[in-house]
Amino acid sequence: MKRNILILITFLVGLLIFSACQSKPHIGLLVDNLQQERWKKDMALFEEKVKELGGTSEVRIADSDPDKQLEQAKELIENGVEVLVVIPVNQTKACDIVNYAHKNYVPVISYDRLIKDCNLDYYVSTDNIAIGEMQAEYLTKIKPSGNYGIIGGSKVDNNAYLLNLGQLNILQPLIEKGDINIVFSQFTNSWSLHEGYEIINEFITKNADIQLDAIIAGNDALAAGAISALKEHNLDGDVLIAGQDADIAAIRSIVAGDQTMTVYKPIEAMAYTAADAAIKISKGIAPSNMNITVHNGKRLVPAILLKAQIVHKQNIDLTVISEGFIEETELEKNGKTK
Ligand code: GAL
């Protein structure tokens, strides 16, 4: 009898261990907000890849609230996620997420935006300095001299500073030559259309005597706000405008001649890379493609930085449409064909 019970217990323990090994990796994704259309795409691609790789994912949206994001991190850890992928609302406040996750043996991958000043595990992003360079290079090739304005991105997002570094890499020599004059340059509180509008509206209202030649905006929402302010002052089409993210509205503005260019981030590759890394880490395997390190103020974080592409009027078909990022019909829907 005793022997039978022992065999039964051994069998049950074995079954438990077997099913634990068989259980699907559970991955958490924390998203800043769904205001900018791109995050929906990042999210969907990430979830799709995790599923394809045999895992399950759980997503939370913080609605731009860093405290809410910390609570959501705690909730996902409570729910048993083995790896957390975070699009931080705030570059430093998100350290609380990393510290809490580590206390619970959960590694953290920072997605697109770097979490600074803590022991972050991995970082998956695009080369944001190169994006700033692309924007400034494209506009200065068209207008190598004149009055330029810069609407930087969110003050609490490291990407905003990297973009600015890249922009100045190109602009600074032209500023020193006296060809380009920076008439304003300011960071914003968020990446919102509203702030783009406010900055340009205020500038034009207060500086009627200054001709604005170009605006470099941190993303397409800020660029869209700038365009609507220019329209109100009948200046649309006169000022070069660079943005970022290849939002559908921005592509339509490029087609209409209101925006000069945008930058298309490799969202699919970024989301797939993060999903793949998360699944590997959950199985105790180090992700193989983190081929550089990025200093986050505390440590050298293993990272991968992918390449972005410029989108302008002539290459919309060859970039965002041919890669399936935007459907051709979405452009036509607006009544604006190429
Ligand atoms: C930034 C990112 C930009 C843009 C922005 C929100 O962190 O670098 O590409 O997506 O967030 O619009």
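Residues numbered from 1 in each chain as written. Predicted model: local features only at pLDDT ≥ 70, side-chain atom pairs only at ≥ 80, totals over all residues. Heavy atoms only, no water.

The chain carries the name Substrate-binding domain-containing protein in an unreviewed UniProt entry, which gives Plebeiibacterium marinum as its organism. Word for word, the UniProt comment on the chain under Subcellular location (unreviewed entry) is "Cell envelope". Under the Sequence similarities (unreviewed entry) heading, UniProt states for the chain: "Belongs to the bacterial solute-binding protein 2 family." (UniProt positions renumbered as here; feature names shortened; annotations may be inferred.)

As enumerated under the stated definition, the model contains 15 salt bridges in all. Between Lys-265 and Asp-112 there is a salt bridge whose closest N-O contact spans 2.9 Å. With Lys-265 in the loop between strand S10 (261-264) and helix H10 (267-282) and Asp-112 in the loop between strand S4 (108-111) and strand S5 (122-126), this pair connects stretches of sequence that are 153 residues apart. Grouping residues by exposure puts Lys-265 and Asp-112 together as buried. (Salt bridge = Lys/Arg side-chain N within 4 Å of Asp/Glu carboxyl O. Helix = DSSP H or I, 4+ residues; strand = E, 2+ residues; numbered from the N terminus. Buried < 20%, exposed > 50% of the residue type's maximum accessible area, 1.4 Å probe, protein only.)

This part covers the pairing of S4. Here S4 shows a buried face lined by Val-108 and Ser-110 and a second buried face lined by Ile-109 and Tyr-111. Sheet topology note: the strand S3 (residues 83-86)/S4 ladder contains 3 bridges and is parallel. Directly across from Leu-84, in S4, lies its bridge partner Val-108. Here S4 runs beside S5; their pairing, made up of 3 bridges, is parallel. Paired with Ser-110 across the two strands is Tyr-123, which belongs to S5. (Pairing = 2+ DSSP bridges.)

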